[in-house]
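A closer look at the structure
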Amino acid sequence: MPQCQNCGYKWKARQTLKAHIDYSQGTNCPDCQEEQYVSRFTKMLQGFILLGYIIITFLAWKVFELPTIPFFAIAVSTIVIGIFILIATTKLANKAESVW
Ligand SMILES: [Zn+2]
């Protein structure tokens with residue numbers, strides 16, 4: 001779980017998810033109210049998870065030619081696992097960091 005870079009408060013999953021959703025504006029820390037941003041590392045990881053998701057669903061669809069129900073089961077569980085990994089590995093920063 002991410003920790004506030006200002007006060008060290010450990011963020012909950014819901015706050016972390018919110019920080020990901022409005023990652024360009026920053027999210028106030030629930031403890032010290034200081035604005036926190038998703039770090040560059042986390043944004044890069046987000047890209048890799050998205051890429052992994054596209055590859056897995058593409059393989060399931062084209063290579064393994066899964067029927068509709070197992071295909072959607074894999075697609076949905078990959079999203080859920082991806083979100084869990086992302087929340088668990090999120091790092092925060094005191095200011096907005098661009099990926100490049
Ligand atoms: Zn804080």
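An account of the accompanying structure is given in this report. Predicted model only: the values in this text are computed from it and were never measured.

Rules used in this analysis
Along each chain, residue indices are assigned from 1 in the same order as the chain's sequence is written. Given that the model is predicted, a residue must reach a pLDDT of at least 70 before its local features are reported, and side-chain atom pairs must reach 80 or more before they are shown or counted; all residues, however, enter totals for whole chains, interfaces and linings. In DSSP terms, a helix is any run of H or I states spanning at least four residues, a strand is any run of E spanning at least two, and both are numbered starting from the N terminus. Put simply, the radius of gyration uses C-alpha atoms, and a globule should come to 2.2 Å times the residue count raised to 0.38. Two residues qualify as a contact pair if the distance between their C-beta atoms, derived from the backbone, is within 7 Å. If DSSP finds at least two bridges between two strands, the strands pair.

Regarding its fold elements, the protein presents three helices and three strands. The C-alpha atoms of the protein give a radius of gyration of 16 Å, which is well past the 13 Å a tight globule of 100 residues would have. Here the contacts in the protein between residues at least 6 apart in sequence split such that 60% fall between residues at least 24 apart.

Bringing the environment of threonine 27 into the picture now. Inspection of the secondary structure assignment puts threonine 27 in strand β1 (residues 27-28). Sequence separation between threonine 27 and glutamine 15 is twelve residues, and the spatial gap between their C-alpha atoms is 8.3 Å. In contact with threonine 27, not counting residues within four places along its chain, are Gln15, Lys18, Ala19, Asp22 and Gln36.

Moving on, we come to the sheet that holds strand β2 (residues 35-38). Within a beta sheet, neighbouring strands are joined by backbone hydrogen bonds and run either parallel or antiparallel to one another. Taken together, the three strands give an open sheet; going across it, the order is β1-β2-β3, and neighbouring strands pair in antiparallel fashion. Each end of this open sheet is capped by a strand with a single partner; those strands are β1 and β3 (92-93).

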